[in-house]
Amino acid sequence: MPAPKKTTDAPVKSRWATLRDEALADRKVVEPYVFDGTEPPTLIGAPDTVEQVTALAELVDADGSFDYKDIRRLFANVCGDAFDAVWAVIRREPIDVLVPLIQDINKHFNAVPGEEGNDLPGGA
């Protein structure tokens, strides 16, 4: 009985993997925002995932305004996985600190749309 034939063909890259690799080829790494209210400091990654960007697009108008009833959801989406650690520090602070913190994070990442509404990928 003959030995099984060895295949030397490299695995075929899936269409999704190819599309993803091409889309991310020129992606620039953005340094995380360092929230130093925790020990050690909590790193907040850029809110650039599909989930975060689409949620922000739903919460924030093209002119950068949002309904204050959504401020916690807005903050959670900006912080992503770091939300619980940051929220544990700020949740009992006066509300006066939340908007400046969101603005500081936004300034670092340019995450929430500006007046032209084209700060989100694809514009608005």
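Residues numbered from 1 in each chain as written. Predicted model: local features only at pLDDT ≥ 70, side-chain atom pairs only at ≥ 80, totals over all residues. Heavy atoms only, no water.

Regarding the packing of helix α3 (residues 71–79) against helix α4 (residues 83–90)
Here α3 crosses α4 at 130°, and the two axes come no closer than 9 Å. Here α4 runs oblique to α3, going by the angle between their axes. Counting all contacts with α3, which are made through Arg-72, Phe-75, Ala-76 and Cys-79, the residues of α4 involved are Phe-83, Val-86, Trp-87 and Ile-90. Tallied by class, residues from the contact of α3 with α4 come to seven nonpolar, no polar and one charged. (Axes fitted to C-alpha atoms, helices over the stretch in contact; angles between N-to-C directions. Helix = DSSP H or I, 4+ residues; strand = E, 2+ residues; numbered from the N terminus. Parallel < 35°, antiparallel > 145°, perpendicular 65-115°, else oblique. Contact = heavy atoms within 4.5 Å. Nonpolar A, V, L, I, M, F, W, Y, C, P; charged D, E, K, R; others polar.)

Structural notes on the packing of α3 against helix α5 (residues 98–109)
Here α3 crosses α5 at 30°, and the two axes come no closer than 11 Å. The two elements α3 and α5 cross, and the hand of that crossing is left-handed. Residues Ile-71, Leu-74, Phe-75, Val-78 and Cys-79 of α3 form the contact with α5, whose participating residues are Leu-98, Val-99, Leu-101, Ile-102 and Ile-105. (Left-handed = near helix turned anticlockwise from the far one by under 90°.)

With respect to the packing of aromatic side chains
If you walk through the whole model with that rule in mind, you get four aromatic pairs. When the ring of Phe-75 is compared with that of Trp-87, the centres are 6.3 Å apart and the planes differ by 45°; the resulting orientation is tilted. Residue Phe-75 is located in helix α3, and its partner Trp-87 is located in helix α4; the two are separated by twelve residues in the primary sequence. The two residues Phe-75 and Trp-87 agree in class, both being buried. Ring plane angle 25° and centroid distance 5.3 Å describe the contact between Phe-83 and Trp-87, whose orientation is recorded as stacked. Taken as a pair, Phe-83 and Trp-87 lie in helix α4 at a separation of four residues, close to a single helical turn. Here Phe-83 and Trp-87 have matching classes, each one buried. Linked through ring pairs, Phe-75, Phe-83 and Trp-87 together constitute an aromatic cluster. (Phe/Tyr/Trp six-rings, centres within 6.5 Å; stacked < 30°, edge-to-face > 60°. Buried < 20%, exposed > 50% of the residue type's maximum accessible area, 1.4 Å probe, protein only.)

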